[in-house]
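# Residue-level structure breakdown
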Amino acid sequence: MKRYFFMVVMAAFAWAFTACGSKEQGAKQLVLYYSQTGATQTVAQELQKALGADMEAIELVNPYSGTYAETIERVGKERQNGELPALKPLKADLSKYEVIYLGYPIWYGTYAMPIASLVNEHDFEGKKIVTFCTFGSGGLEPAIEDLKKALPKAEIAELGFGIRNARVAATAKELNRFLVENNYVEGTVEAIPGYSEMRPVTEGEQQIFDAACGDYQFPLGTPVLVGKRGTSDGVDYIYEVESNGAKSTIYVTVGNGEGAKPEFTRVVR
Ligand SMILES: Cc1cc2nc3c(=O)[nH]c(=O)nc-3n(C[C@H](O)[C@H](O)[C@H](O)COP(=O)(O)O)c2cc1C
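Residues numbered from 1 in each chain as written. Predicted model: local features only at pLDDT ≥ 70, side-chain atom pairs only at ≥ 80, totals over all residues. Heavy atoms only, no water.

### Focus: the layout of surface pockets
Condition: With a 1 Å grid laid over protein atoms only, a set of points is called a cavity when a 1.4 Å probe fits there but cannot get out and a pocket when it is open yet has protein on both sides within 12 Å along at least five of seven lines; lining residues have an atom within 4 Å of a point. Grid points are joined across faces, edges and corners, and a volume is the space filled by probe spheres set on the points. Strands here are runs of E lasting at least two residues and helices are runs of H or I lasting at least four, both read from the DSSP assignment and numbered beginning at the N terminus. Residues are grouped as follows: Ala, Val, Leu, Ile, Met, Phe, Trp, Tyr, Cys and Pro are nonpolar; Asp, Glu, Lys and Arg are charged; every other residue, Gly included, is polar. Here the bounds of each domain stem from an automatic or database domain assignment.
Estimated volume of the largest pocket: approximately 1,200 Å³. Around the largest pocket, the lining is made up of 41 residues, and of these Glu 174, Arg 177, Ile 192, Arg 229 and Thr 265 lie nearest the centre. Looking at the lining of the largest pocket, the elements that each hand over two or more residues are helix 5 (140–150), strand 7 (161–164), helix 6 (171–181), strand 9 (222–231), strand 10 (234–243), strand 11 (246–255) and strand 12 (263–268). In terms of residue count, the dominant contributor to the lining of the largest pocket is helix 6 (six residues). Here the lining of the largest pocket is composed, by residue class, of 16 nonpolar, nine polar and 16 charged. Here the lining of the largest pocket spans two domains, and each of domain 1 (22–181) and domain 2 (199–268) adds at least three residues to it.

### What about the nonpolar core?
What counts is decided by this rule: Put simply, a nonpolar core is a bunch of buried Ala, Val, Leu, Ile, Met, Phe, Trp, Tyr and Cys residues held in one set by side-chain atoms that sit within 4.5 Å of each other. Here the term buried applies to any residue with accessible area under 20% of the maximum for its type, exposed to any over 50%, and partly exposed to those in between, with areas from a 1.4 Å probe on protein chains only. In this description, contact between two residues means that some pair of their heavy atoms is separated by no more than 4.5 Å.
Counting 34 residues, the largest nonpolar core has Tyr 104, Ile 115, Phe 124 and Leu 147 as the members making the most contacts within it. If near-sequence neighbours (up to four positions away) are discounted, Tyr 104 is found in contact with Tyr 34, Thr 40, Tyr 111, Ala 112, Ile 115, Thr 131, Phe 132, Cys 133, Thr 134, Ala 143, Ile 144 and Leu 147. One finds Leu 51, Tyr 101, Phe 178 and Tyr 184 within the second-largest nonpolar core, a separate group that totals 20 residues.

### Some points on helix 6
Buried within helix 6 are the following residues: Thr 171, Leu 175, Phe 178, Leu 179 and Val 180. Positive phi appears at Asn 183, one or two residues downstream of helix 6, with a value of about 60 degrees.

### Quick look at helix 3 (residues 68–81)
Let me state the cut-off plainly: Multiply 1.5 Å by the residue count of a helix minus one, and that product is the helix's expected span.
The end-to-end C-alpha distance of helix 3, which contains 14 residues, comes to 20 Å, matching closely the 20 Å that a straight helix rising 1.5 Å per residue would cover. The elements touched by buried residues of helix 3 are strand 3 (99–107) and helix 4 (113–121). After helix 3 finishes, the residue Gly 82 shows a positive phi value of roughly 65 degrees.

### A short note on a nonpolar patch on the surface
Test applied: The patch calculation keeps residues exceeding 30% relative accessible area without a salt bridge and links them within 9 Å when they carry like charges or within 5 Å when they are nonpolar (Val, Leu, Ile, Met, Phe, Trp, Tyr). For every accessible area listed, the method is Shrake-Rupley and the probe measures 1.4 Å; residues are considered covered only by the protein chains on display. Should a side-chain nitrogen of Lys or Arg be within 4 Å of a carboxyl oxygen of Asp or Glu, the pair is scored as a salt bridge.
Residues Tyr 68, Ile 72, Tyr 108 and Phe 218 make up a contiguous nonpolar surface patch of roughly 430 Å² in combined accessible area. Locating Tyr 68 in the fold gives a position in helix 3. Residue class for Tyr 68 comes out exposed when judged on its relative accessible area of 54%.

### A closer look at the sheet that holds strand 8 (residues 199–200)
What counts here: The criterion for strand pairing is that DSSP finds at least two bridges linking the strands in question. Only the stretch in contact is used when a helix axis is fitted, and all axes are lines through C-alpha atoms; the angle between N-to-C directions ranges over 0 to 180 degrees.
Across the sheet, five strands lie side by side as 8-9-10-11-12; this open sheet has antiparallel pairing. Two strands bound the open sheet, and with one partner strand each, they are strand 8 and strand 12. Contacts between helix 7 (residues 203–213) and the sheet are confined to strand 8, strand 9, strand 10, strand 11 and strand 12, with strand 10 contributing the most and set at about 85 degrees to the helix.

### A few points about the site of the ligand
Condition: Any residue with at least one heavy atom within 4 Å of a molecule or strand is counted as near it. Identification of polar contacts relies on pairs of N or O atoms within 3.5 Å, with a donor-acceptor requirement for protein atoms, meaning one able to donate a hydrogen and the other able to accept it, and with residues adjacent in sequence counted only if both atoms are side-chain atoms.
Looking at the ligand, there are 20 residues lining it, with Ser 35, Thr 37, Thr 40, Ile 106 and Thr 134 nearest. For the ligand, an oxygen atom lies 2.7 Å from a polar atom in the side chain of Thr 40. Take Asn 165: an N or O atom from its side chain is 2.8 Å from an oxygen atom of the ligand. For the ligand, the accessible surface in isolation is 640 Å², of which the surrounding protein chains cover 89%.

### Concerning the confidence of the model for the protein
Let me state the cut-off plainly: What pLDDT expresses is the predictor's confidence in each residue, scored from 0 to 100.
Residues with a pLDDT of 70 or more make up 90% of the protein, whose mean pLDDT is 91. For the stretch residues 1–27, pLDDT sits under 50, and the model shows six contacts to residues farther than four places along the chain or on other chains.

### A short note on the packing of aromatic side chains
For any pair of aromatic rings, the description rests on two quantities: the centre-to-centre distance and the angle between the ring planes. Under the convention used in this document: In summary, the pairing rule links any two rings of Phe, Tyr or Trp, Trp by its six-membered ring, whose centres are within 6.5 Å, and it sorts them by plane angle into stacked for under 30 degrees, edge-to-face for over 60 and tilted for everything else.
Scanning the model with the defined rule gives 11 aromatic pairs in all. A centroid spacing of 4.9 Å and a plane angle of 85 degrees characterise the contact between Tyr 64 and Trp 107, whose relative ring orientation is edge-to-face. Taken together, the residues span a long stretch of sequence, with Tyr 64 in the loop between strand 2 (54–57) and helix 3 and Trp 107 in strand 3 at a distance of 43 residues. Ring geometry for Tyr 101 against Tyr 184: centres 5.9 Å apart, planes inclined by 85 degrees, an arrangement best described as edge-to-face. Linking Tyr 101 in strand 3 with Tyr 184 in the loop between helix 6 and strand 8, this pair joins segments that are 83 residues apart in sequence. Here Tyr 101 matches Tyr 184 in class, with each residue buried. The rings of Tyr 101, Phe 161, Phe 178 and Tyr 184 are connected pair by pair, giving a single aromatic cluster.

### Points about the side chain of Gln 29
Within the fold, Gln 29 resides in strand 1 (residues 29–33). At 3.4 Å, the side chain of Gln 29 and the side chain of Tyr 101 are in polar contact. Setting aside anything within four residues of it in sequence, one finds Gln 29 in contact with Leu 51, Ala 53, Asp 54, Tyr 97, Val 99 and Tyr 101.

### Thoughts on the packing of helix 2 (residues 39–51) against helix 6
To keep it simple, the criterion reads: Orientation labels follow simple angle bins: below 35 degrees gives roughly parallel, above 145 gives roughly antiparallel, 65 to 115 gives roughly perpendicular, and whatever is left gives oblique. By the definition used in this description, the sense in which the near helix is turned from the far one sets the handedness, with an anticlockwise turn below a right angle giving left-handed and a clockwise turn giving right-handed.
Direction vectors running N to C along helix 2 and helix 6 enclose 50 degrees, while the axes themselves pass 10 Å from each other. Regarding the angle of helix 2 to helix 6, the classification is oblique. Taken as a pair, helix 2 and helix 6 cross one another with a handedness that is right-handed. Listed contacts from helix 6 to Val 43, Glu 46, Leu 47, Ala 50 and Leu 51 of helix 2 are Thr 171, Ala 172, Leu 175 and Leu 179. When the residues that make up the contact of helix 2 with helix 6 are grouped by side-chain class, the tally is seven nonpolar, one polar and one charged.

What follows is the structure, given as structure tokens:
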């Protein structure tokens with residue numbers, strides 16, 4: 001009887017501990033994002049699902065509601081004049097959160113203007129910030145470097161999550177890998193081998209590069225060297241590319257499926 005009583009008490013303790021732990025964790029993490037056309041919002045929603053965190057969209061007093069060309073023009077002028085778009089006040093009380101997952105589209109090679117406004121208003125002192133972004137071709141790394149400079153009192157995670165808007169449907173799987181590999185959630189993912197040594201591009205690899213990058217709105221350059229690796233999903237390629245004397249790295253993936261179209265996943269300039 002005594003033993004039974006002891007077990008019931010221990011079980012009650014264990015339940016209380018788990019319940020408090022998960023509740024507290026949920027309250028400490030905020031997914032905070034800006035999205036103009038919905039791609040970054042898709043990633044934010046997947047993140048919220050995976051983390052069980054609170055979530056808020058950053059809103060503007062005068063939203064960027066124009067077409068792509070109109071937005072490019074407005075942002076170009078604002079950048080030239082050093083103007084920042086006014087934000088609506090945040091609803092979330094940032095002091096409640098320890099970890100903030102901060103999401104944005106890449107604009108002009110860095111975080112979008114509403115994030116420039118946000119970091120101008122809040123210094124995020126003592127917060128851990130994990131970034132996520134969407135982009136046409138790339139910009140993940142420079143945006144993190146810019147954020148580090150803008151928020152010296154925050155702890156910005158070295159690695160962020162990024163995905164092309166054209167591949168946003170692949171978010172759930174790729175985001176899960178990012179979260180597991182960085183210990184943000186528990187789980188296991190397939191171990192992926194490193195790329196083979198870089199060597200000159202063959203004709204077949206040139207065709208794969210062209211199929212992946214040829215229809216992108218801007219020319220991405222000429223591949224010079226390539227490495228590859230196999231995964232259970234297909235084959236990944238890493239191309240060293242030259243464009244007007246500048247070098248970049250372009251990642252391409254080709255799925256296993258019959259006639260799968262090669263896709264580039266990001267450009268690192
Ligand atoms: C003003 C503007 C500038 C952009 N600049 C870049 C850029 O420098 N690099 C890039 O890869 N994509 C760029 N893009 C594409 C966006 O990053 C991409 O469409 C993003 O997924 C949009 O996210 P959203 O749907 O959450 O707004 C730009 C888009 C706009 C509107």
